[in-house]
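Here is what each chain is made of, one letter per residue.
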Amino acid sequence: MFQENLIGFLTLFCNMIKVESLKKSFEGKAIFENISFVLNRGEKIGVVGKNGCGKSTLFKIIIGEVEPDSGRVIIENERIGYLPQSIEIDFKKDIKNFFSERLKVEDWQIKKLLGKLGLYNLDLGRKIQTFSGGEITRIMLAKILIEKPTILLLDEPTNHLDIEGILYIQKFLTQFNGGVLLISHDRWILDKVPKKIIDFQITEKGRVTKIYPGNFSAYKEIREREIEKQKYLYKLQQKKIKNLKKDIKEKKEQAKKMDRNMLAELREKGIPLGSSGTKLARRAKAEEKQIQKLLESERKIEKPQEEKKLKIFLNTSLKLGQRVFKIENISFSFNKKIIFNSVNLEMYGNDRMALLGPNGSGKTTFLKLLLGELKPQKGKIILNPSIEIGYLPQEIIFENYQKRVIEEFQKDLEISETEGRKILSKFLFSNEEQFKKLKDLSLGERKRLYLAKIFASGSNFLLLDEPTNHLDIDSVEALEKAFIDFKGGIFVISHDKYFLKNIGIGKFYFLKEGKLKEIFSIDDIEKL
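For clarity, every value in this text was computed on a predicted model and none was experimentally measured.

Draft legend 1. Representation of the pattern of salt bridges. In this structure the tally under the stated criterion is 30 salt bridges. Ionic pairing is found between Glu147 and Arg102, a salt bridge with its closest N-O pair at 3.5 Å. Here the residue Glu147 occupies a position in the loop between α5 (133–146) and β6 (151–155), and Arg102 occupies one in the loop between α3 (95–99) and α4 (107–116), the gap between them amounting to 45 residues. Taking the relative accessible area as the measure of exposure, Glu147 reaches 35% and is therefore partly exposed. Note that Glu307 is salt-bridged to Arg207, the shortest N-O span being 2.5 Å. Remark: Arg207 occurs in strand β9 (residues 206–213) and Glu307 occurs in the loop between α9 (279–296) and β10 (323–334); sequence separation between them is 100 residues. A relative accessible area of 12% places Arg207 in the buried class.

Given below as structure tokens:
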């Protein structure tokens, strides 16, 4: 009895969050069916799954913002710090007033916490709205730390961070003593921080979670082997069931034939007819029950459920020696701040270049200069007139949000509605979703729609500004595959280390304080 009480006490002491059999639906549609896991003291767990599978909803249930349909969350004497994916704050406030909303905080405390996240010597009187998206994320996290949380719930914290910011977040989370639940599509940080991965998986019974030991790469390897094994065992069991059913059918037919022969023989002999069951019929019945028990038991192997994935292919190309653009000694300033100073760069054929640098250094401005949306104040940019540019902006804005998805897709493309709908389906827009209004699209859906337009336009030179933001990992990996096979040119701004490595970027450039410097690899940023 003492031992049982001791185990119960230690379990209570170790568990920071215990989630039991959560179920949630919206408007009659099941989001997830059976979510259960435990966050133990000091654990750091990554949370992965398709966009829309319920990861953010889970966090909102944990903090009490959303009620589950059934199940429960047990949290005892913990302080939770929650960083949502979409930040809604009063951006007109300055840093000092923002930090002092709930607690009285000294200036030195604010600066110390900001410094932990790589934000040094900030003017505390500066308004929040003047900072970049990545800087605001770090300011939000610093404010959360004021209340000394024991648990951090972080929903896509790296979405707007530059690589330097991600490095600071990674270092901070690694050293954080409390528990962490981390939703992220950034595979690099999922390899560096968590020691377990919670996967939102689709099954025949609905969306459930399964916990895997290790970081993301370990989870990925185990999961792939698991799926292959399940496919093999499912196929084997289905073959066994098929053979049993065939055997049952043959026995039933033999039994009927024997019954007919026996009845005929009894009639000839004038013997009264009675019940005429046979051993074969009974055996067939027993085998039918055996199959039914198997299908209803835990021994039944579920058919592996495949998540829908992007099916994309770019069949355009550029010649190897064909010049894409030439930048000659350009300079550009904004509000007396030098963005570029005497920058020179050339790109040829199917080169792959990445532009890196701190938030606010001018990376997006560089793309706008290439597009001709801005003009350099000095120097010139020569674009090859034969190239077709496909531009993916970081923030996707539509002219008319009342338009339907299919209408926006067809705009500027000479394509029929039938062909357009066929292409949109490859980008995971269902028949119903193709007629959604643009105002109702999530950030991930907006990104997929824009990508669909680029892929259908026949572009042979891609300008990509943070292409992996708001996409789930499966979609990012599908993009990688398409870009690996692409024979055109790619010029990309991205903070996603794995993405840049996987698509074969050959040249890296780092932009800081108006100067463009070529570096050998993305890992060299840590040395700058």
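Draft legend 2. Expanded view of a nonpolar patch on the surface. On the surface, Tyr232, Leu233 and Leu236 cluster together to form a nonpolar patch covering roughly 290 Å² of accessible area. With respect to the helices and strands, Leu236 occurs in helix α8 (residues 216–269).

Draft legend 3. The packing of aromatic side chains, seen in detail. Taken as a whole, this structure holds 15 aromatic pairs when the rule is applied. Ring geometry for Phe32 against Phe200: centres 6.2 Å apart, planes inclined by 70 degrees, an arrangement best described as edge-to-face. Taken together, the residues Phe32 in strand β2 (residues 29–40) and Phe200 in strand β8 (residues 196–203) connect sequence positions 168 residues apart. Phe200 shares its class with Phe32; the two are buried.

Draft legend 4. Here's a closer look at the sheet that holds strand β11 (residues 337–348). Taking strand neighbours across the sheet as the criterion, the three strands line up as β11-β10-β13 in an open arrangement whose pairing is antiparallel. The two strands at the open ends of the sheet, each matched to only one other strand, are β11 and β13 (378–383). When strand polarity is set aside, the average angle formed by the axes of neighbouring strands in this sheet is 15 degrees. Where β10 and β11 come together, eight bridges link them in antiparallel fashion. Across the sheet, residue Phe332 finds its bridge partner in β11, namely Phe340.

The rules behind these values
- Residues numbered from 1 in each chain as written.
- Predicted model: local features only at pLDDT ≥ 70, side-chain atom pairs only at ≥ 80, totals over all residues.
- Heavy atoms only, no water.
- Salt bridge = Lys/Arg side-chain N within 4 Å of Asp/Glu carboxyl O.
- Helix = DSSP H or I, 4+ residues; strand = E, 2+ residues; numbered from the N terminus.
- Buried < 20%, exposed > 50% of the residue type's maximum accessible area, 1.4 Å probe, protein only.
- Patch = residues over 30% accessible without salt bridge, like charges linked within 9 Å, V, L, I, M, F, W, Y side chains within 5 Å.
- Areas by Shrake-Rupley, 256 points an atom, 1.4 Å probe, with all protein chains shown as cover.
- Phe/Tyr/Trp six-rings, centres within 6.5 Å; stacked < 30°, edge-to-face > 60°.
- Pairing = 2+ DSSP bridges.
- Axes fitted to C-alpha atoms, helices over the stretch in contact; angles between N-to-C directions.

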